[in-house]
Amino acid sequence: MASTLAPAPKRIAMLCSGNGSNFKALYQHIKDKKPAAEIALCLSNRSACGAMVFASSVGIETVHLSEKQFATEEAFGRAMLDALQSHRIDYVFLAGYLKKMPTGVVAAYRGRMLNIHPALLPKFGGEGMYGMRVHEAVIAAGETESGATIHFVDEGYDTGEIFLQRRVPVLATDTAASLANKVLAAEHLLYAEALEKLLAS
Ligand code: GRF
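Just so you know, these numbers come straight off a predicted model, no measurement behind them. (Residues numbered from 1 in each chain as written. Predicted model: local features only at pLDDT ≥ 70, side-chain atom pairs only at ≥ 80, totals over all residues. Heavy atoms only, no water.)

Student: Outline the sheet that holds strand β4 (residues 91-94), supporting the account with residue identities and numerical values.
Tutor: On the basis of which strands lie adjacent, the open sheet formed by seven strands has the order β3-β2-β1-β4-β5-β6-β7 and mixed pairing. Among the strands making up the open sheet, the edge pair consists of β3 (61-64) and β7 (162-169). Strand-to-strand twist across the sheet, computed as the mean angle between neighbouring axes with direction ignored, equals 20 degrees. Across four bridges, the pairing between strand β1 (residues 10-16) and β4 is parallel. Looking at β4, one finds that Ile12 is bridged to Tyr91. Against the sheet, helix α3 (residues 73-86) engages β1, β2 (37-44), β3 and β4, with an angle of about 155 degrees to β2. (Pairing = 2+ DSSP bridges. Helix = DSSP H or I, 4+ residues; strand = E, 2+ residues; numbered from the N terminus. Axes fitted to C-alpha atoms, helices over the stretch in contact; angles between N-to-C directions. Contact = heavy atoms within 4.5 Å.)

Encoded structure:
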């Protein structure tokens, strides 16, 4: 007799250092739309950041790992990989994770690790381009559009293959702060789209 068992839901780890608004948006999408996926872990370098507090409040496991706890990047990478593998993680989603990923983890999750960036890569990315600096640079450059990018993570800063983008207009009246709000609203739709695209591939 043919098996009618549904495939096991894909297990996602969210890596965050801040508020976790992208994490919350994806959590809500999964709760509402019930794709074959679940957020199984929140991993952070900051034990009390918004993302970790939210994860605990909804019963998602948390792991606090900081490179400061380890003598070498390699040891830190091994500990992170252990945490991901012991939670049987299929996909790693970086959402405001402000530390560089250890190379061992990048290699182990190549093609299964995504990052979200608040601009239209390859423009306005790279080391040091995060937070309000990105939006200030977009305004200073006189761009007429910006947006959000989800890309695969490789060994560089914001250099991996682009997976999805959403565009927003930049108006003459926009400030870095108003642009940041518009881009963040676009971001909140993008990890849900990325998950659906991954599940369909
Ligand atoms: C987002 O703007 C994301 O693009 C960037 O960090 C921010 C995280 O925001 N990488 P949040 O923690 O999801 O609210």
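Continuing now.
Student: Which residues make up the pairing of strand β5 (residues 113-117), and what values do they have?
Tutor: When you tally the buried positions in β5, you get five out of five residues, the bulk of the element. Here β5 shows a buried face lined by Met113, Asn115 and His117 and a second buried face lined by Leu114 and Ile116. Read from β4 through helix α4 (residues 103-108) to β5, the crossover connection turns out right-handed. One ladder, built from four bridges, connects β5 with strand β6 (residues 145-152); its direction is antiparallel. (Buried < 20%, exposed > 50% of the residue type's maximum accessible area, 1.4 Å probe, protein only. Right-handed = clockwise from strand over helix to strand, strands pointing away.)

Student: Describe in detail the pattern of salt bridges, supporting the description with residues and values.
Tutor: Under the criterion given, the structure shown has eight salt bridges. Between Glu67 and Lys99 there is a salt bridge, with the nearest N and O atoms lying 3.3 Å from each other. Here Lys99 lies in the loop between β4 and α4 and Glu67 lies in the loop between β3 and α3, a separation of 32 residues in the sequence. Given a relative accessible area of 33%, Lys99 falls into the partly exposed group. Its salt-bridge partner being Glu143, residue Lys123 comes within 3.0 Å of it at the nearest N-O pair. Placement of the pair is Lys123 in the loop between β5 and α5 (132-140) and Glu143 in the loop between α5 and β6, with a sequence separation of 20 residues. Residue classification places Lys123 among the partly exposed positions, given a relative accessible area of 45%. Since its relative accessible area comes to 21%, Glu143 is described here as partly exposed. (Salt bridge = Lys/Arg side-chain N within 4 Å of Asp/Glu carboxyl O.)

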